[in-house]
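# Structural overview for review
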Number of protein chains: 2
Amino acid sequence: MDTSSQSGSDKQTESARSFLPQPSNGICARLGDKWTIEVIWRLSLAEKRRLRFSDLKRKTDGITQRMLTLTLRNLERDGFVKRHYFPEVPPRVEYELTGLGAGILASLQGLNLWIRDNLPRIEESRQAYDDTGEQGNRFR
Amino acid sequence: MDTSSQSGSDKQTESARSFLPQPSNGICARLGDKWTIEVIWRLSLAEKRRLRFSDLKRKTDGITQRMLTLTLRNLERDGFVKRHYFPEVPPRVEYELTGLGAGILASLQGLNLWIRDNLPRIEESRQAYDDTGEQGNRFR
DNA sequence: CTGAATCCGATCTGATACTG
DNA sequence: CAGTATCAGATCGGATTCAG
């Protein structure tokens, strides 16, 4: 997991070639959606990894009904979430995180830990960039 | 960090709580950009993790000059890439992947391996969803 | 060679109203 | 309760043009 050191070595390319270049059929883009990760995460914390629509909406702060619906449709299509419809009155629908959905969450943890550890440095960098950059062009 | 009061406590939730809910200050969204990951990856494969603008553009198939510039600006701002400007004629600019940038690439590998292994299942799911869904509404 | 500026269509997101 | 439909603003990404 830790291949970050070694700077000047030209043979470092060997191990790096195993990395996938592709945006992986849009998976990363999907995860980058505004609500996708949080919705998966909320489901993973729920009892039996299941929540009904209204609960999910309440737990996911700030999400609109429309965006929750869209997010769930995409997750359902990719097989990360299973939809259970109960034809009652009023209707009840539960969304369940599949094994696939739980799996990607687990795989995401390494990245999230890295982000948690390095976010301060990133934000420093942003601060510095915004401060020094507001006066000059790119030719210096 | 924790906003919602939990209804049920399973054993499985215990380990899941360590996961970060937040889109992590836009990091995941940035990675989901159309070109970000590939640009980082191209730099990581280069000698001394450095490439000049035109080389990077040539290696990154399909990217426009504008998008490469924007992608690099964002990466530079976050501290993932360092820009080296040489005031020659014609001008030469090299971009170097920083330790930070290489680090996130390494952290991404777990996720990418998972995607590689599970993409077939995801695409099956998409196929099934698109096939069965085109006739009925959501109430079934 | 590097990169900024502009225009434009496509997509994303939110707000709102309506339906079974 | 769950979901759809519609509209509007914001952002994204591509094509093109101009400039240091």
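Attention here is on the structure that accompanies the text.

Basis of the calculations
Residues numbered from 1 in each chain as written. Chains lettered and ligands numbered in written order. Predicted model: local features only at pLDDT ≥ 70, side-chain atom pairs only at ≥ 80, totals over all residues. Heavy atoms only, no water. Pairing = 2+ DSSP bridges. Helix = DSSP H or I, 4+ residues; strand = E, 2+ residues; numbered from the N terminus. Axes fitted to C-alpha atoms, helices over the stretch in contact; angles between N-to-C directions. Contact = heavy atoms within 4.5 Å. Near = heavy atom within 4 Å. Polar contact = N/O pair within 3.5 Å; in protein donor to acceptor, adjacent residues only side chain to side chain. Nonpolar A, V, L, I, M, F, W, Y, C, P; charged D, E, K, R; others polar. Parallel < 35°, antiparallel > 145°, perpendicular 65-115°, else oblique. Salt bridge = Lys/Arg side-chain N within 4 Å of Asp/Glu carboxyl O. Buried < 20%, exposed > 50% of the residue type's maximum accessible area, 1.4 Å probe, protein only.

## Digging into the sheet that holds strand β1 (residues 50-52) of chain A
Residue and element names in this part refer to chain A. Strand order in the open sheet formed by three strands is β1-β3-β2, and the pairing between neighbours is antiparallel. Edge positions in the sheet fall to β1 and β2 (81-86), since each of these pairs with one other strand and no more. Going across the sheet, the axis of each strand differs from the next one's by a mean of 25°, ignoring polarity. Across the sheet, helix α3 (residues 36-45) lies against β1, β2 and β3 (92-97), angled at about 95° from β3, the strand it touches most.

## Quick notes on the protein's contact with DNA strand C
Close contacts around DNA strand C come from 19 residues, with A:K34, A:R66, A:R138, B:S54 and B:R83 the closest. Near-protein atoms of DNA strand C (within 4 Å) split between backbone and bases, with sugar and phosphate holding 58%. A distance of 3.0 Å is found between a base nitrogen of DNA strand C and a side-chain nitrogen or oxygen belonging to A:R66. B:Y95 is positioned such that a nitrogen or oxygen atom in its side chain is 2.9 Å from a phosphate oxygen of DNA strand C. Looking at the surface near DNA strand C, the elements with two or more residues in it are α5 (65-77) of chain A together with α4 (53-59), α5 (65-77) and β3 (92-97) of chain B. Broken down by element, the residue count for the surface near DNA strand C peaks at four residues, all from α5(B). Looking at the surface near DNA strand C residue by residue, the classes come out as eight nonpolar, four polar and seven charged.

## Concerning the packing of helix α3 (residues 36-45) of chain B against helix α6 (residues 99-133) of chain B
Relative placement of two packed helices is described by the angle separating their axes and the distance separating the axes. Residues and elements named next belong to chain B. For the pair α3 and α6, the least separation of the axes is 10 Å and the interaxial angle reads 110°. Relative to α6, the element α3 is oriented roughly perpendicular. In contact with I37, I40, W41 and S44 of α3, α6 contributes G101, I104, L105 and L108. Of the residues contributing to the contact of α3 with α6, the split by class is six nonpolar, two polar and no charged.

## With respect to the pattern of salt bridges
Residues and elements named next belong to chain A. Within the structure shown, the criterion is met by 22 salt bridges over all chains. For R58, the salt bridge is made with D55, and the minimal N-O distance between the two is 2.4 Å. Of this pair, R58 and D55 both sit in helix α4 (residues 53-59), three residues apart, which is roughly one turn of that helix. Assessed through its relative accessible area of 57%, R58 is described here as exposed. Overall, the relative accessible area of 22% leaves D55 in the partly exposed class.

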